[in-house]
Amino acid sequence: MTLIKSPKIWEMPGRLITPEKDYISRRQFLKSLGLLGIGSMTLMSGCSGEKAAEFRPPAKINDTIPAPGENYPFRKNEKYTSARALTDEIVAASYNNYYEFTTEKDQVWQLAAQLQTEPWKISISGEVEKALTVDIDDLLKKMPLEERIYRHRCVEAWSMIVPWSGFSLKSLIDFARPTHKANYLKMTAFFRRDEAPGQKAVWYPFPYYEALTMAEAINELSFLATGIYGHNLPKQHGAPLRLVVPWKYGFKSIKGIVKFEFTERRPGTFWNDFQSEEYGFTANVNPTVPHPRWSQATERLIGVNERIPTRMYNGYEAFVAHLYR
Ligand SMILES: Nc1nc2c(c(=O)[nH]1)N[C@H]1C(S)=C(S)[C@@H](COP(=O)(O)O)O[C@H]1N2
Ligand SMILES: [Mo]
């Protein structure tokens, strides 16, 4: 998903980085480059995670790691654990995908530091009994907090194993009280070009947005993380609130969420709308279906130089296979 022949933000001609005042529509812009239509964006996408093998974390990123807050540590839910060792925290926190900041995974932790995460409001709308806005701190007081160890498999064929702190998406849904017309849950991330330089890249349809079917959303694995490794989320991991759906490719696990919207019809999603031939709506981890440009049969565990087989539904078959029969 990073760019093979990647025009980095700072390499793009100035006119391609749209200043607020003379903003042209993304469609118009892509059209002007002749990039609309047929597999158009191939030139601006794609990476097969080989970088993961070479990756060496920086010596120190302490400034970006929050101290444990008063709620920590959250109760460990032993149902979700891992036979393999956890990924080193510094590795997970310095090798990130967060296109709002940059497409360079090893630079996200520095750039994300400028995001203002306090205060942070979450809106709940669409097919619900009553639309509302709630402050993240007030929301947290109402949610059953716990810690779960999950595997994370990026579509780019790298993976990690980390302990998330947070609450089930189901508990947020119960709080939101969707109507019987709600078939999907759409989530949208923040949109603040002044704090997120990657959002100046007009060819991406920011703000980032994702969606699940209601059956997926109420599945017990669907989790909203507010923390990782026993403290609040660092900004590079999607503070203060991000989704974690570990049986799906990583791009479904949207970070920096500000909005939950229940819908009757299937909403679009960021990567599927951007490049539908390469990134689906459902995007379940499946080693037998290669990405058009690389195999999905194996993955690189970041931080340790190890390539391991990829498992169906990322090993979570027992939890979710019934959803797709
Ligand atoms: N808002 C937003 N969420 C996002 C992304 C992004 O670019 N923006 N990248 C996704 C991808 S591709 C992956 S693999 C995971 C990475 O999460 P991590 O950096 O915390 O490991 O976040 C996902 N969520
Ligand atoms: Mo990813």
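Everything here concerns the structure above.
Enquirer: Explanation requested: the site of ligand 1 in the structure shown.
Expert: Taken together, 19 residues are adjacent to ligand 1, and Tyr-99, Glu-100, His-237, Ser-253 and Lys-255 come closest. Within the side chain of Glu-100, an N or O atom sits 2.7 Å from a nitrogen atom of ligand 1. Within the side chain of Lys-255, one N or O atom sits 2.6 Å away from an oxygen atom of ligand 1. In the complex, 100% of the free accessible area of ligand 1, which totals 530 Å², lies under the protein chains.

Enquirer: Mind showing me how you'd approach the sheet that holds strand E6 (residues 209-213) here?
Expert: Taken together, five strands build an open sheet; the order of strands is E2-E1-E10-E5-E6 and the sheet is mixed. What marks the edges here is a single partner per strand, and that holds for strand E2 (132-135) and E6. For this sheet, the mean angle separating the axes of adjacent strands, direction not counted, is 20 degrees. Pairing between strand E1 (residues 121-126) and strand E10 (residues 257-263): four bridges, direction parallel. Residue Ser-125 lies in a different strand from E10, and its bridge partner there is Glu-261. Packing against the sheet, helix H6 (residues 169-176) makes contact with E1, E2, strand E5 (184-189), E6 and E10, and its axis sits at approximately 65 degrees to E10.

Enquirer: For this particular structure, what's the right way to read the environment of Arg-293?
Expert: With respect to the helices, strands and loops of the structure, Arg-293 is situated in the loop between helix H8 (270-274) and strand E11 (298-301). With relative accessibility at 27%, the residue Arg-293 sits in the partly exposed group. Residues Arg-293 and Glu-278, 15 residues apart in the sequence, show an inter-C-alpha distance of 8.5 Å. Engagement of the side chain of Arg-293 in a polar contact is seen with the side chain of Glu-278, the distance being 2.4 Å.

About the criteria used
- Residues numbered from 1 in each chain as written.
- Chains lettered and ligands numbered in written order.
- Predicted model: local features only at pLDDT ≥ 70, side-chain atom pairs only at ≥ 80, totals over all residues.
- Heavy atoms only, no water.
- Near = heavy atom within 4 Å.
- Polar contact = N/O pair within 3.5 Å; in protein donor to acceptor, adjacent residues only side chain to side chain.
- Areas by Shrake-Rupley, 256 points an atom, 1.4 Å probe, with all protein chains shown as cover.
- Pairing = 2+ DSSP bridges.
- Helix = DSSP H or I, 4+ residues; strand = E, 2+ residues; numbered from the N terminus.
- Axes fitted to C-alpha atoms, helices over the stretch in contact; angles between N-to-C directions.
- Contact = heavy atoms within 4.5 Å.
- Buried < 20%, exposed > 50% of the residue type's maximum accessible area, 1.4 Å probe, protein only.

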